[in-house]
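One-letter residues, chain by chain:
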Amino acid sequence: MSADPTARAAGPAEPASPVRHTIGYVLKMYPRFSETFIVSEILAREAAGEKIVIFSLRPSTDARFHPELARVSAPVIHIPRSSVASRFWAQFAEATASPPLAEGVQRALPELLNAGHDDAQQAVALALAAEQAGVTHLHAHFASMATSVARLAGMISGLPYSFTAHAKDIFHEDVDPADLETKLAEAHHAITISGFNLDDLRRRFPAATSRLHLVRNGVELSRFPFTPRLHHRRDDEAPPRLLGIGRLVEKKGFHLLIEAAARLHSLGVPVQVSIAGDGPLRSELQETIDDAGLTSWVRLLGPCTQEEVCQLLGTHDVFVAPFVVGADGNADGLPTVLLEAMARGIRCVAAQVTAVGEVVRSAETGWLVPSGDIAALTQALLEAITLDAGHLELLNAARSCIEENFDSGTQAQRLRALVEDPQSVVSQDGLARVSSGPAPTTVPLEMMPVEAPA
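Let us look at the structure shown here.

Rules of the game
- Residues numbered from 1 in each chain as written.
- Predicted model: local features only at pLDDT ≥ 70, side-chain atom pairs only at ≥ 80, totals over all residues.
- Heavy atoms only, no water.
- Axes fitted to C-alpha atoms, helices over the stretch in contact; angles between N-to-C directions.
- Helix = DSSP H or I, 4+ residues; strand = E, 2+ residues; numbered from the N terminus.
- Parallel < 35°, antiparallel > 145°, perpendicular 65-115°, else oblique.
- Contact = heavy atoms within 4.5 Å.
- Pairing = 2+ DSSP bridges.
- Core = buried A, V, L, I, M, F, W, Y, C linked by side-chain atoms within 4.5 Å.
- Buried < 20%, exposed > 50% of the residue type's maximum accessible area, 1.4 Å probe, protein only.

**Examining the packing of helix H3 (residues 99–114) against helix H5 (residues 145–157)**
(1) Moving on: Contact geometry for H3 and H5: axes closest at 6 Å, N-to-C directions at 135 degrees. The angle between the axes of H3 and H5 places the two elements in the oblique class. Touching Pro100, Leu101, Gly104, Val105, Arg107, Ala108, Glu111 and Leu112 of H3 are Arg151, Leu152, Met155, Ile156 and Ser157, all from H5.

Structure below.
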């Protein structure tokens, strides 16, 4: 690694013009169905005139793909890895045929020997692919494998690297604090997507976070038109429709949504529930639905495209995000689908984990309940499905919050400025900070008491 982590490779020989960077996105897997925020970010940067090249470290395993992928112009280069020694050696020889890379491999050799064999091998391959593609800056999403490889490739090639740290990179039990601190300290700059994350990283790594910035994930607002859904339901109409969207994994807390639906039914308040997404808990959740006698009321829709998500947000009454902290410490940061729901104009009920309370604020933009508190969740749902004149003001405030803080075009400008200058004053602020303590309950209205069904 160069002594100055902010140093970058020389650009085209036109001293009077600014360097036109080619950004190499280093991703564990591309495309990935659940990582729509990365596609939105790349689209916004391309729309702003940036040249992007995508490097994927693993082949995609998804069965469905979002139509938005067709709008991405960036070429996708799959970085090889092989357990066959002859192939690895051929790849190594090809890279070191380039004098600058040969020198870089020699310089990085102690770090390569300490790295895992896949990371080391792919770092050499990435350095070569980046050189061939004319990349001037490497950017990784997630501080784990992708940043490990980008950092080593930067060390070999002399390219600066940056990365976006998400909640999983910070709070999961498998995170190595020393490794994370090294990546923060050596990066050209680093980004995290919430004030909660920013405060936590600065507190834990004060000497390594001078170039850490808050740039929130962007939402392509034109794809999520604001159509507030406030409808006076007649007695003979179908019951209210609740919607959950996300991977079927522990941290999404969908078992709590099913339990809340059961409590509402026991109170004589029937609701229909749709849960879009796929994941390892699908069978377990279906069993929970069946055991609760809700088979005809709660549906697991499977994975949905962005277009389908937008339609679901426009045809349901309340979006429910009952997040929890997983047994492994994993928790959602600020899921993009929650931002999309707020942009779309659907009432949002969410549980407080990490940064959720920065956007969902009780009686201002939605209903925020303590994570894991089933009584508070059920009570908040009761209020949200009970139409109130004040709800329109709440939905307007939610949309304004997203427009002001999460517009993907504005976020792209911030990301570009940081590539130009890692000390650029683009770091965001202005949203309420959330402590790690219990969230306040909402539900200002007097409602019926919510107890567990007998």
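Read on for the rest.
**A word on the sheet that holds strand E4 (residues 137–141)**
(1) Moving on: In spatial order, the strands read E3-E2-E1-E4-E5-E6-E7; together these 7 strands make up an open sheet with parallel pairing. Edge strands, defined here as strands with exactly one partner in the open sheet, are strand E3 (76–78) and strand E7 (212–214). Across the sheet, the mean angle from the axis of one strand to that of its neighbour is 25 degrees, orientation sign disregarded.
(2) Moving on: Across 7 bridges, the pairing between strand E1 (residues 22–29) and strand E2 (residues 51–58) is parallel. Opposite Thr22, over in E2, you have Lys51 as the bridge partner.
(3) Moving on: Of the strands in this sheet, E1, E2 and E4 touch helix H1 (residues 36–47), which is tilted by about 170 degrees from E1.
(4) Moving on: Sheet contacts for helix H4 (residues 117–133): E1, E2, E3 and E4; angle to E2, the most-contacted strand, approximately 155 degrees.

**Overview of the sheet that holds strand E10 (residues 298–302)**
(1) Moving on: Taken together, 6 strands build an open sheet; the order of strands is E10-E9-E8-E11-E12-E13 and the sheet is parallel. Looking at which strands have only one partner, the edges of the open sheet turn out to be E10 and strand E13 (367–370). Mean inter-strand twist for the sheet, computed between neighbouring axes without regard to direction, equals 25 degrees.

**Remarks on the nonpolar core**
(1) Moving on: One finds Val26, Phe55, Leu112, Leu138, Ile156, Phe163 and Leu184 to be the most contacted residues of the largest nonpolar core, which totals 46 residues.
(2) Moving on: Sorting elements by how many residues they give to this core places H4 first, with 9 residues.
(3) Moving on: Leu112 has contacts with Val105, Ala120, Ala123, Val124, Leu152 and Ile156, leaving out every residue within four places of it along the chain.
(4) Moving on: Core analysis: the second largest hydrophobic core is formed by 36 residues, Val269, Ile275, Trp367 and Ala384 among them.

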